Structure formats: C-alpha cells, structure tokens
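So the chains spell out like this:
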Amino acid sequence: MVNIIVLPRAARRDPDSDDVLPGLGPNDLAALRLALSLSTARVTALTMGTDADEQALHQALALGAHKALRIEDADEGLRTADQIAPVLAAVFETLPYDLLLTGQRSADWGSGILGASLAQRLDIPYLSQVSQLVVANGNLVASQTHGDLEVRVTLPLPSLLSVASAPPSNTVIPSAAPQGQHAIEIVDTDDLEFTDASFRGNALPRLLPVKEGTCELVNTPDELLERLRELKFEV
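The rules we used
- Residues numbered from 1 in each chain as written.
- Predicted model: local features only at pLDDT ≥ 70, side-chain atom pairs only at ≥ 80, totals over all residues.
- Heavy atoms only, no water.
- Helix = DSSP H or I, 4+ residues; strand = E, 2+ residues; numbered from the N terminus.
- Buried < 20%, exposed > 50% of the residue type's maximum accessible area, 1.4 Å probe, protein only.
- Contact = heavy atoms within 4.5 Å.
- Areas by Shrake-Rupley, 256 points an atom, 1.4 Å probe, with all protein chains shown as cover.
- Salt bridge = Lys/Arg side-chain N within 4 Å of Asp/Glu carboxyl O.
- Core = buried A, V, L, I, M, F, W, Y, C linked by side-chain atoms within 4.5 Å.
- pLDDT = per-residue confidence, 0-100.

Asks: Talk me through the overall build of the protein chain; I want residue IDs and the actual numbers.
Replies: Check the secondary structure of the protein chain and you find 5 helices and 9 strands. In the protein chain, the succession of α and β elements from N to C terminus is β-α-β-α-β-α-β-α-β-β-β-β-β-α. Looking at the protein chain as a whole, 40% of its 235 residues qualify as buried. Taking the contacts inside the protein chain whose residues are at least 6 apart along the sequence as the reference set, 71% of them involve residues at least 24 apart. A total accessible area of about 13,400 Å² is found for the protein chain, and carbon and sulfur atoms account for 51% of it.

This is the structure we're talking about:
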C-alpha cells in the first residue's frame, strides 16, 4: 500500500478573501486523478485554511479520496507559499506518507513554488511538470510531457511531485461526496508537537501589483537608452 497525500487548494477570487471559486483547479484535479489511478494507493487529501477551503476537500472525497484533513492554523491568514510551506513541513513530521502530490500551481494567485519549497524543507526529492506516474518495487517512475517529448524520471520514496496534467479521463466530477463518506478531520497546529519550534518561519509581506500607474511607449533601442539616461539609470 502506497500512502499518498495530495494537497488541493481552494481558489480565491481575491488573495485576502474567503470568497472561493467553485471546483478544483486543473492542476490540483490532475494530481488527485494521478493518485487515484494507482490501485495500491491510499489517498489522503490535505489542505490548510478556513472552513471555506473545505470545498477542495469535499471535491477530493467525491472523486474517491479515502480521507480528508484540514489544517486549522492558529494564526490564520497564512496563504502564500512561503508562509504555508514551513507549517506543512512541521505537520508532516507527525503524518506518515510515501508520496506527496501538489498541483503545479493553484488556479488563482499561486506562484507555483509550494512544492519545491516544501520538498526542500522535508529534504526529499522533488520533480515538477509531472503528467504520468507509476509506483513499483519501492520506487516511482514519473513522466513529464514537453510537446511531443516524454521524459521519464525514477525517484525513490518518499518524494514530492508537482503535477501539471494527467491522462484523459471520462470520469464525471461529482459536486459532493456520496452519503456516508468520511467526514473532514480538523487538525489544529497548536495540538501538534513539533520538533522545530520556529516552524512558522519568517515570511515576507505579500507584494501585490500596483493597480494604477503610467506607461511611456518608446519606439527604438536608442530612444530607450536616451530615456533611461534622462532618468539617471546607468546603462
């Protein structure tokens, strides 16, 4: 039995809002489908956030995940990858796993760096842009698709993969888990014993793009150089 934990995330209309978008993002959905395609896998869906984030877990259960966990953070508001990764790394000190799967990036404001950041903190192998997966004899063979080129990489367990796509499926995505499905288990980080007391890390404040500004159009390289000199840039 391969113990796989998938990390789906509810997409938000605004990075500081609990107004979540319906359904799973395409990369998260692909990660779940790859995990559930393995006949020897026990799949747990895990996300971190508020009640609003449980929508992603309900979808995971509806697709066939065996268990769902939501990490209730005591500080609240930890939503960027550099904030979430140290918390998840500390949580995985207490949760057994063979393989971790994330979507390549979330469907909203994601940067696509959570998988690499988490793997680095856990000190396990990492591969991105995964499109197919096979587990056999204690190893996994992951495939990346680059146009007409397929690259296969063999990794040991445990590892972490970021999934970009999955083979086509005719499965209809239900909107909710069937009656009698397992309830979502809530885990509070304050109830866990961490070996690293500084697990929350020191995250930089989120930098949002400026919504208003001016733009000047230049037509030639020489014009650009001249304008930069006027602005006292060294070129």
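Asks: Give a description of the pattern of salt bridges that names residues and reports values.
Replies: Scanning the model with the defined rule gives 7 salt bridges in all. Salt-bridge contacts for D51 lead to R70; the nearest nitrogen and oxygen are separated by 2.8 Å. A residue pair is termed long-range when its members are at least 10 positions apart, and D51 in the loop between β2 (41-48) and α2 (54-63) and R70 in strand β3 (residues 67-72) qualify at 19 residues. By relative accessible area, D51 is classed as exposed at 57%. By sharing partners, the salt bridges in this structure join D51, E54, R70 and E72 into a single network.

Asks: Any chance you could break down the nonpolar core for me, citing the residues and the numbers?
Replies: If you look at the biggest cluster of nonpolar residues, it comprises 35 residues, and the most contacted ones within it are I4, V6, L101, L133, L140, A142 and L161. Among the secondary structure elements, those contributing two or more residues to this core are β1 (2-7), α1 (26-36), β2, α2, β4 (99-103), β5 (126-136), β6 (139-146) and β8 (159-163). Here the element with the most residues in this core is α1; it accounts for 6 residues. In this view, L161 contacts L99, L100, L101, T102, L127, V130, L133, L140, A142 and L155; residues no more than four positions away in its chain are not counted. By size, the runner-up hydrophobic cluster in this structure holds 20 residues, among which are I5, I71, F92 and L100.

Asks: Give me the side chain of S159: which residues, what numbers.
Replies: In this fold, S159 is placed in strand β8. Contact partners of S159, with chain neighbours within four places excluded, come to D98, L99, L100, I124, P125 and L140.

Asks: Can you explain the confidence of the model for the protein chain? Please cite residues and give values.
Replies: Looking at the protein chain, pLDDT values average 82 and 77% of them are 70 or higher. Every residue in residues 196-201 is under pLDDT 50, and counting partners more than four places away or in other chains gives 15 contacts.

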